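The primary structure of each chain is shown beneath.
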Amino acid sequence: WTGCFLLLFRRTRKGPKYGCIGLGVVILLSCLLWIRTGFGLLMMIPFGAVLIILGFLLEGRGLGTFYALLGATCCVTAILDAHDMFMDSAHFDGSEEDETTDAMQVADELGGTHFMWTLIWYIQAVVCLLIGLLLAFDPKDDEKEYDMYQGY
């Protein structure tokens, strides 16, 4: 859902600016509250700071394109994560020991099979990507922006 909302937020004039800044602040707050590993802190603090800086520095089409790329990446990652959960036995870290996926745990708690839950999440991820891509780019806005740059 996050990627879908990011792509939909792209449609507004100030959405990418406030979205990048807001996402950066949320990432930095999550580092403060939850992330405790050195690698997580090493990766997420600069990423949050870069998002805030880009929100302030980039404008117009450049920021909108970056923001749309960020949203599309979230959607595609959700699709790939759901794809990995279709396995009956997960070996994520290369060990011989079986690990459970989120779908397996939900199936144990709520019933059904891990395949059913994975399929639901996979379809949801594809639908969110399509909604975000189809509704995020308003051709009327692109024409106005294109006309605005014709004078330069």
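Residues numbered from 1 in each chain as written. Predicted model: local features only at pLDDT ≥ 70, side-chain atom pairs only at ≥ 80, totals over all residues. Heavy atoms only, no water.

**Let's talk about the packing of aromatic side chains**
- Scanning the model with the defined rule gives 1 aromatic pair in all.
- Look at Trp 117 and Trp 121: their rings are 6.4 Å apart centre to centre, the planes differ by 45 degrees, and that puts the pair in the tilted class. Taken together, the positions of Trp 117 and Trp 121, both in helix α6 (residues 114-136) and 4 residues apart, correspond to about one turn of that helix.
- We classify Trp 117 as buried; its relative accessible area is 18%. (Phe/Tyr/Trp six-rings, centres within 6.5 Å; stacked < 30°, edge-to-face > 60°. Helix = DSSP H or I, 4+ residues; strand = E, 2+ residues; numbered from the N terminus. Buried < 20%, exposed > 50% of the residue type's maximum accessible area, 1.4 Å probe, protein only.)

**Considering a nonpolar patch on the surface**
- A cluster of nonpolar residues, Phe 115, Leu 119, Ile 123, Val 127, Leu 130, Ile 131, Leu 134 and Leu 135, forms a patch on the protein surface that exposes about 720 Å² of accessible area.
- Among the structural elements, Leu 135 can be located in helix α6. (Patch = residues over 30% accessible without salt bridge, like charges linked within 9 Å, V, L, I, M, F, W, Y side chains within 5 Å. Areas by Shrake-Rupley, 256 points an atom, 1.4 Å probe, with all protein chains shown as cover. Salt bridge = Lys/Arg side-chain N within 4 Å of Asp/Glu carboxyl O.)

**Remarks on the nonpolar core**
- Counting residues in hydrophobic clusters, the biggest one holds 7 residues: Leu 6, Cys 20, Ile 27, Leu 51, Leu 63, Tyr 67 and Leu 70.
- Secondary-structure elements contributing two or more residues to this core are α2 (15-33) and α4 (60-84).
- Looking at this core, the element that brings in the most residues is α4, giving 3 residues.
- Each residue touching Cys 20, except ones within four places of it in the same chain, is listed here: Leu 51, Ile 52, Gly 55, Leu 63, Phe 66 and Tyr 67. (Core = buried A, V, L, I, M, F, W, Y, C linked by side-chain atoms within 4.5 Å. Contact = heavy atoms within 4.5 Å.)

**Some thoughts on helix α1 (residues 2-9)**
- Listed in full, the buried residues belonging to α1 are Gly 3, Cys 4, Leu 6 and Leu 7. Burial along α1 is one-sided: seen end-on, the buried residues are contained in an arc of 165 degrees. Of the exposed residues in α1, the ones pointing more than 90 degrees away from its buried face are Thr 2 and Phe 5. (Arc of directions from axis to C-beta.)

**A few points about the environment of Tyr 67**
- Position of Tyr 67 among the secondary structure elements: in helix α4.
- The class for Tyr 67 is buried, based on a relative accessible area of 1%.
- For the pair formed by Tyr 67 and Leu 54, sequence separation is 13 residues and the distance between their alpha carbons is 9.9 Å.
- Setting aside chain neighbours within four positions, we find Tyr 67 in contact with Leu 6, Phe 9, Arg 10, Gly 15, Pro 16, Gly 19 and Cys 20.

**Topic: the confidence of the model for the chain**
- Confidence in the prediction of the chain, expressed as mean pLDDT, is 76, and 76% of residues score 70 or more.
- Ranking the elements of the chain by mean pLDDT puts helix α7 (residues 139-149) last with 49 and helix α3 (residues 38-57) first with 92.
- Segment residues 146-152: pLDDT under 50, and 2 contacts once partners within four positions in sequence are set aside and those in other chains are kept. (pLDDT = per-residue confidence, 0-100.)

**Some thoughts on the packing of α2 against α3**
- Interhelical geometry of α2 versus α3 gives an angle of 155 degrees and a closest axis separation of 7 Å. Comparing their axes, α3 and α2 come out roughly antiparallel. Two packed elements cross with a definite hand, and for α2 against α3 that hand is left-handed. Of the residues in α3, those in contact with Lys 17, Cys 20, Ile 21, Leu 23, Gly 24, Val 25, Ile 27, Leu 28 and Cys 31 of α2 are Leu 41, Met 44, Ile 45, Phe 47, Gly 48, Ala 49, Leu 51, Ile 52, Gly 55 and Phe 56. (Axes fitted to C-alpha atoms, helices over the stretch in contact; angles between N-to-C directions. Parallel < 35°, antiparallel > 145°, perpendicular 65-115°, else oblique. Left-handed = near helix turned anticlockwise from the far one by under 90°.)

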